[in-house]
Amino acid sequence: MSTGAISRAQIGAGGAGAPVSHRPLGILAALPQELGDLIEAMRAESGVRTITHGQRDYHVGTVHGAPCVVTLARVGKVAAAATVSALIHAFDVDAVVFTGVAGGVGSEVRVGDIVVANALMQHDLDASPLFPRFEVPLLGVSRFTADGALADQLAAACERFVAEEGAASAARFGTREPRVHRGLIISGDQFVASATGVEALRDALPDALAVEMEGAAIAQVCYEYGVPCAVVRTISDTADDHAPQSFVSFLTEIAGTYSNAILKRFLEARRVA
Ligand code: SAH
């Protein structure tokens, strides 16, 4: 199906003939490595129903006890906005979680740390002097708040991961023991990979902890439709001249392990909540 709403029968929530009791959670990442083994885990647990819509594959099923729709947004704000819009309208998700990697911007944020967003903004949005820099024109918002309860649950899952596996993970990957930060994540349609680039972001937005390319777009769409959302990012690089190599090696070697560990704890806790 290429356009239009997707029926509940196609989504198959609750299985054939079963009453639909739960709206699913939408889980998305930009790149396949950022999802770890989530789709395989879903396949093993409930089976996966894959629906192609708007050139993306949406995987519907249950994983770690939670009904979910899992998909890849691809890279950038437009891709992210289109994908989360489909999750909301075609798949009727009741909340959205984004998992992925980001560049560290805050002075305390190192490769291997984890950042859970309290707020998100678009660092490359500037319609001044008509509107204040960073403000979404005609919406009157520059900082989009993540859902407090969802962000708390994500941060708790991250803290449990660090307590249970942080030391082993640091030894295995040669990073420091991961720290969990909460605060501002900024998004724009650039891969930031220079000392001057990251310095300019620090000057403009001194409380920014991490930079990436999708989160604030997702937060804006979720804000407009009243859908709770949260974003968790593992730091793959520090957005400086070393960022390209650091990003690639983190993405291929580490990102999936972190994502598996965090999402498993988050989804299991959600099931019992
Ligand atoms: N063609 C590349 C695209 C990666 S772009 C590939 O497939 O390998 C980088 C991705 O990681 C984006 O999704 C972005 O959200 C995140 N990211 C990690 N480090 C970043 C940085 N320093 N600046 C911007 N985005 C970053």
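Worth saying up front: this structure is predicted, and the values here are computed from it rather than measured.

Colleague: I tried to follow the overall build of the chain on my own but got confused; where do I start?
Modeller: A tally of regular secondary structure across the chain gives eight helices and ten strands. Against the compact-globule benchmark of 19 Å for 273 residues, the chain has a radius of gyration of 18 Å, which places it among compact chains. The principal-axis extent of the C-alpha atoms belonging to the chain is close to 55 × 50 × 30 Å. Looking at the chain as a whole, 52% of its 273 residues are labelled buried. Split by element, the accessible area of the chain, about 11500 Å² in all, is 54% carbon and sulfur. Side-chain charges in the chain split into 21 positive and 30 negative, and the spacing between the mean points of these groups amounts to 5 Å.

Colleague: Just to check I follow, could you spell out the state of the cysteines for this structure?
Modeller: Here, the word disulfide means a covalent bond between the sulfur atoms of two cysteines. Following the criterion strictly, the structure yields zero disulfides and no others. Free of any disulfide, C68 has its nearest cysteine sulfur in C222, 15 Å distant. Sulfur of C222: no disulfide; nearest cysteine sulfur belongs to C229 and is 4.2 Å away. For C222, a relative accessible area of 1% puts it in the buried group.

Colleague: I keep staring at the UniProt feature "domain: Nucleoside phosphorylase" (unreviewed entry) in the chain and nothing clicks. Help me out?
Modeller: Under the local residue numbering, the UniProt record ascribes the feature "domain: Nucleoside phosphorylase" (unreviewed entry) to residues 25-268. Taken end to end, residues 25-268 comprises 38% helix and 28% strand; its first and last C-alpha atoms sit 13 Å apart.

Colleague: I keep staring at the site of the ligand and nothing clicks. Help me out?
Modeller: Around the ligand, 18 residues are found, and the nearest of them are V192, M213, E214, D237 and F247. Contact distances for the ligand include 2.9 Å between an oxygen atom and a backbone N or O atom of M213. One of the side-chain N or O atoms of D237 is found 2.7 Å from a nitrogen atom in the ligand. Across the complex, the protein chains shield 79% of the 580 Å² of accessible surface that the ligand would expose by itself. Broken down by secondary-structure element, the contributors of at least two residues to the shell around the ligand are β5 (95-104), β9 (208-212) and β10 (229-237). Residues of the shell around the ligand, tallied by class, amount to eleven nonpolar, three polar and four charged.

Colleague: What is the right way to look at the pattern of salt bridges in this model?
Modeller: When the charged atoms of two side chains with opposite charge come close together, those side chains can pair. Taken as a whole, this structure holds 13 salt bridges when the rule is applied. A salt bridge links E212 to R233, with the nearest nitrogen and oxygen atoms 3.0 Å apart. With E212 in strand β9 and R233 in strand β10, this pair connects stretches of sequence that are 21 residues apart. Owing to a relative accessible area of 4%, E212 belongs among the buried residues under this scheme. Overlapping salt bridges, with partners in common, bring together E164, E165 and R265 in one network.

The rules behind these values
Residues numbered from 1 in each chain as written. Predicted model: local features only at pLDDT ≥ 70, side-chain atom pairs only at ≥ 80, totals over all residues. Heavy atoms only, no water. Helix = DSSP H or I, 4+ residues; strand = E, 2+ residues; numbered from the N terminus. Rg over C-alpha atoms; globule rule 2.2 N^0.38 Å. Buried < 20%, exposed > 50% of the residue type's maximum accessible area, 1.4 Å probe, protein only. Areas by Shrake-Rupley, 256 points an atom, 1.4 Å probe, with all protein chains shown as cover. Lys, Arg positive; Asp, Glu negative; His and termini not counted. Charge placed at Lys NZ, Arg CZ, Asp CG, Glu CD. Disulfide = S-S within 2.5 Å. UniProt positions renumbered as here; feature names shortened; annotations may be inferred. Near = heavy atom within 4 Å. Polar contact = N/O pair within 3.5 Å; in protein donor to acceptor, adjacent residues only side chain to side chain. Nonpolar A, V, L, I, M, F, W, Y, C, P; charged D, E, K, R; others polar. Salt bridge = Lys/Arg side-chain N within 4 Å of Asp/Glu carboxyl O.

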